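# Breakdown of the fold
Residues per chain are reported as follows:
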Amino acid sequence: MDISIIYLFAFLFGASWGSFLYTFIIRYINGMYAKNPFRALTYPSHCLYCKQKIKPVYLIPVFGYFLTKGRCSVCGKPFSFLYVAAEIACGFVAIASIFFFKGAIVPLYFIIITTSICIAIIDFITMEIPNFLVGIFFVTGIIVCFLDSQWFAHIQGLLLMVAVFIVPLILVKGGFGGGDVKFAGAIGFTLGLHETIVALEIALVTGALYGIGYAVFKSKTLKAHIPFGPFLTLGFITALVFGKDIIQIYFSFL
Ligand SMILES: [Zn+2]
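As the structure is a computational prediction, the values presented were derived from the model and not from experiment.

Rules of the game
Residues numbered from 1 in each chain as written. Predicted model: local features only at pLDDT ≥ 70, side-chain atom pairs only at ≥ 80, totals over all residues. Core = buried A, V, L, I, M, F, W, Y, C linked by C-beta atoms within 7 Å. Buried ≥ 20, exposed ≤ 12 C-beta atoms within 10 Å, placed from the backbone. Helix = DSSP H or I, 4+ residues; strand = E, 2+ residues; numbered from the N terminus. Domains from an automatic or database assignment. Contact = placed C-beta atoms within 7 Å. Expected span 1.5 Å × (residues − 1). Bend = angle between axes of the 7 residues up to and from the residue.

## Here we look at the nonpolar core
Membership of the largest hydrophobic core comes to 55 residues, with the highest contact counts inside it found for L21, C118, F183, I187, A199 and L232. At the level of elements, α1 (3-29), α5 (81-100), α6 (105-126), α7 (131-148), α8 (151-171), α9 (178-191), α10 (193-219) and α11 (229-253) are the ones that each hand at least two residues to this core. Looking at which domains feed residues into this core, each of domain 1 (1-100) and domain 2 (128-254) gives three or more. When near neighbours in sequence (up to four residues on either side) are disregarded, L232 contacts F183, A184, I187 and A203.

Have a look at this one:
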């Protein structure tokens, strides 16, 4: 197949997924998901102002936005530009996934990377990590594990993450939340032991630096509650893309 067709297909697939994730973020933040998760996941796209359903042709990722000139065809109110920006960004992440990974793992890693970014955004805004997204992450991680069949390393990664996050959860009130433990466990399972160590180091170091900066410049106290999901996501993606190289550098020092 012509390579440009593969890229186009990847972009459209990525953009459609981005559309789903963006809608999920909006419906989670505005409380629709808390009220009725099934409805929030299945309710057709509609204009946030006049509540009219959006015609299927306008739902084509990216192109739909430009066909409607970014406005509701019924009431004329503008759609958020962030909507199409999220679609375009996910389309490009899908293409980048083809460059960075090989084989059947490509769509899985794409799903898992974009889901982790979605978790980071929601955690940053709401201080919550939705179980639904951690579930998508975990199921995809299990399929990854089936593909490389290194079960032992994946379970070690899971145990390491849970061990590191469960102790502060129990001992320090308001330290890490239950969502952090689940998300960290899913990351550890997906990455396997070695890459998990890389992800953990990056998450803890960047999270600590942010926490210190936040305490010094904003809250003037070390008791500030900061969302940890974004730092786990940063560690996860770095370890997934560059983990093997980073581990090699470690071993060269031994
Ligand atoms: Zn409207």
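## What about α11?
With 25 residues, α11 extends only 31 Å from end C-alpha to end C-alpha; this falls clearly short of the ideal 36 Å at 1.5 Å per step. F242 marks where α11 bends most, by close to 80°. Among the residues of α11, those classed as buried are G229, P230, F231, L232, T233, G235, F236, I237, A239, L240 and G243. Along its buried surface, α11 packs onto α6, α9 and α10.

## Observations regarding α5
Look at α5: 28 Å from first C-alpha to last across 20 residues, which is about the 28 Å you get at 1.5 Å a residue. What α5 keeps buried is the set Y83, V84, A86, E87, C90, G91, V93, A94 and S97. The elements touched by buried residues of α5 are α1, α4 (63-67) and α6.

## Quick notes on the environment of F38
Here F38 is to be found in helix α3 (residues 37-42). Sequence spacing of F38 and L67 is 29 residues, and the spatial spacing of their C-alpha atoms is 30 Å.

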